[in-house]
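# Chain and residue survey
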Amino acid sequence: MGTYINIGNAGFQRVRNSEYVDKSGLIAVVNSTLFTERSFSCVTRCRRFGKSLAAKMLAAYYDRSVDSRSLFADLQIAGDPSFEQHLNKYPVIYLDLSEFVSRFHDTDIVEQINSALRTDIAAAYPQVELRETDDLMDLLIRIYLETGEQFIFIIDEWDAICRECKSGTQAMDSYVNWLRRMFKGVNGSRVFAGVYMTGILPIKKYKTESALNNFIEYSMVEPVDMGQYFGFTKDEVRALAVRHGMDFDELEKWYDGYQIGDELSMFNPNSVMQAVRTRRCRSFWASTGAFDAVAHYINMNYEGLKDDIISMLAGGRCTVDPTGFRNDMSSVESKDDVLTVLIHLGYLSYNWQENECYIPNLEVAGEMVNAVKSNKWAPLVDAIQQSRQLLQSVLDRDAEAVARGVEAAHDEHTSILSYNNENSLACVLSI
């Protein structure tokens, strides 16, 4: 075993030692892509949706340095025809980019990645000459030519550098060039049986094209056939609720609401698992690391974003066009860009049939309110406070206060031309 090559199955073993909801069907989907034109996959989801867990599962399944049969024998994949064909058959390179980002913040981060992987892989193939001028791809090509072996390359947090470094910086440009060197040319298909990358953001666009247009992307906006493998379904959460004596309706209210492709009702898996462990529904998003980014983007207030946020907090939906976003958090230039970022970060859900976004559940709604408050976004903070006051006035049966509250909302959010319109009143009550 090495540090980056053939790391074994200990990561997935720890997962199986914990309560595990079977998502091993993902392996069959990835198996179907190996040695094909679709063998390079990039799966992106928001934080805490099981991306790293899936990467560990794939590494344990493909890694030839261990016997992982017992880890999968009772899982869905064991009944798939491709199970035996690929089980523990490949040299696997596993790279977690976040480790390098946390250690190296300067422009030589790509050189550090290249050097670390090259050294580790060379040690695993002592019979293959490592030349002083070799980069990582040179070494992999020579290994393939001398042994005929093809690799599985798994990259977790592939976009960690993209989220830390702005477009146009030396570190960012070096990283994109490294990705192209590894995966874009003809040698990539010779060296790799399959490549699986996972992260938050889809592959960055340069002008109108992806930097790696040979990858098949599975994102929060376009999940293709991988929607069910990230997030929990209603049936899976019902089973957890019964097992732990929890109220399913309460779990649904707090953590459901994500539409991922054709999967119309997906739960945040990390939040559900924490809720059933602690036997209490509450927000577990404060520790996701994305809070500051959300607050920043909301505060931009592009093109009436304030009104859209108010509407969504009231249960409404907003039209969004995600196609123009360049998949770069430093290149947010419009309201559609802001809403698309929030979709990828998991703070909004996306209905692709209607091109609409909305706040999925109570957990996220609370974090959106906190993001607004943290920026002292006065109009929206005032609207939230006025809503609470109006509700209290209703509970207190204070008719005059209720009338004043409704009138204030009416004046603020209704056009003079449609002041007495019934739909306008419905909108006012939603606000």
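If you're wondering where the values come from, they're calculated on a predicted model, not measured in any experiment.

In this description, a pair of aromatic rings is defined by centroid distance and the angle of the planes. A full pass over the atoms with the stated rule returns 23 aromatic pairs. What links up through ring pairs into an aromatic cluster is the set Phe12, Tyr20, Phe35, Tyr61, Tyr62, Phe72, Phe83 and Tyr90. Stacked on the ring of Phe100, the Lys or Arg Arg103 has its end atom at 5.8 Å from the ring centre. Over the ring of Phe248 we find Arg238; its NZ or CZ atom is 4.6 Å from the centre of that ring.

What follows deals with the sheet that holds strand E3 (residues 151–156). Taken in spatial order, the five strands make up an open sheet running E2-E3-E4-E1-E7, and their pairing is parallel. In this open sheet, the two strands that pair with only one neighbour each are strand E2 (92–96) and strand E7 (216–218). Averaged over neighbouring strand pairs, the angle between their axes works out to 15° when direction is ignored. In this structure, strand E1 (residues 40–44) lies alongside E7, joined through three bridges in parallel fashion. Note on E7: the bridge partner recorded for Cys42 is Glu217.

Regarding helix H13 (residues 248–255), the residues found buried are Phe248, Leu251, Trp254 and Tyr255. Considered in projection along H13, the buried side chains sweep an arc of 130° and stay on one side of the axis. Here H13 starts with a cap whose side-chain oxygen sits 2.9 Å from the backbone nitrogen of Asp249, and that cap is Asp247.

Let's shift gears to the confidence of the model for the protein. Summarising the model, the protein shows a mean pLDDT of 87, and 90% of its residues fall at 70 or more. Confidence, expressed as mean pLDDT per element, reaches its minimum in the protein at strand E6 (residues 209–210) with 58 and its maximum at E3 with 98.

Bringing the environment of Leu342 into the picture now. Here Leu342 is to be found in helix H17 (residues 335–345). On the basis of relative accessible area, Leu342 is assigned to the buried category, the value being 0%. Through-space distance from the C-alpha of Leu342 to that of Asn299 is 13 Å; in sequence the pair is 43 residues apart.

On to the pairing of E3, then. Most of E3 is tucked away: six of the six residues are buried. Side chains of E3 alternate between two faces, with Phe151, Phe153 and Ile155 and Ile152, Ile154 and Asp156 buried alike. As defined by bridge partners, E3 adjoins strand E4 (residues 192–199) across six bridges and the pair is classed as parallel. Bridge pairing in E4 places Ile155 opposite Met197.

This part takes up the sheet that holds strand E12 (residues 356–358). Within a sheet, each strand pairs with its neighbour through backbone hydrogen bonds, oriented either parallel or antiparallel. Read from one edge of the open sheet, three strands run E10-E12-E11, paired in antiparallel fashion. The strands lining the two open edges of the sheet, one partner per strand, are strand E10 (318–319) and strand E11 (349–351). Relative to E12, E11 is paired through three bridges, and the arrangement is antiparallel. Bridge pairing links Ser349 to Tyr358 in E12.

Relative to the helices and strands, Tyr297 resides in helix H15 (residues 291–300). If we ignore the near neighbours within four places in the chain, the residues touching Tyr297 are Leu305, Met329, Val332, Val338 and Val341.

About the thresholds
- Residues numbered from 1 in each chain as written.
- Predicted model: local features only at pLDDT ≥ 70, side-chain atom pairs only at ≥ 80, totals over all residues.
- Heavy atoms only, no water.
- Phe/Tyr/Trp six-rings, centres within 6.5 Å; stacked < 30°, edge-to-face > 60°.
- Lys NZ or Arg CZ within 6 Å of the ring centre and 35° of its normal.
- Pairing = 2+ DSSP bridges.
- Helix = DSSP H or I, 4+ residues; strand = E, 2+ residues; numbered from the N terminus.
- Axes fitted to C-alpha atoms, helices over the stretch in contact; angles between N-to-C directions.
- Buried < 20%, exposed > 50% of the residue type's maximum accessible area, 1.4 Å probe, protein only.
- Arc of directions from axis to C-beta.
- Polar contact = N/O pair within 3.5 Å; in protein donor to acceptor, adjacent residues only side chain to side chain.
- pLDDT = per-residue confidence, 0-100.
- Contact = heavy atoms within 4.5 Å.

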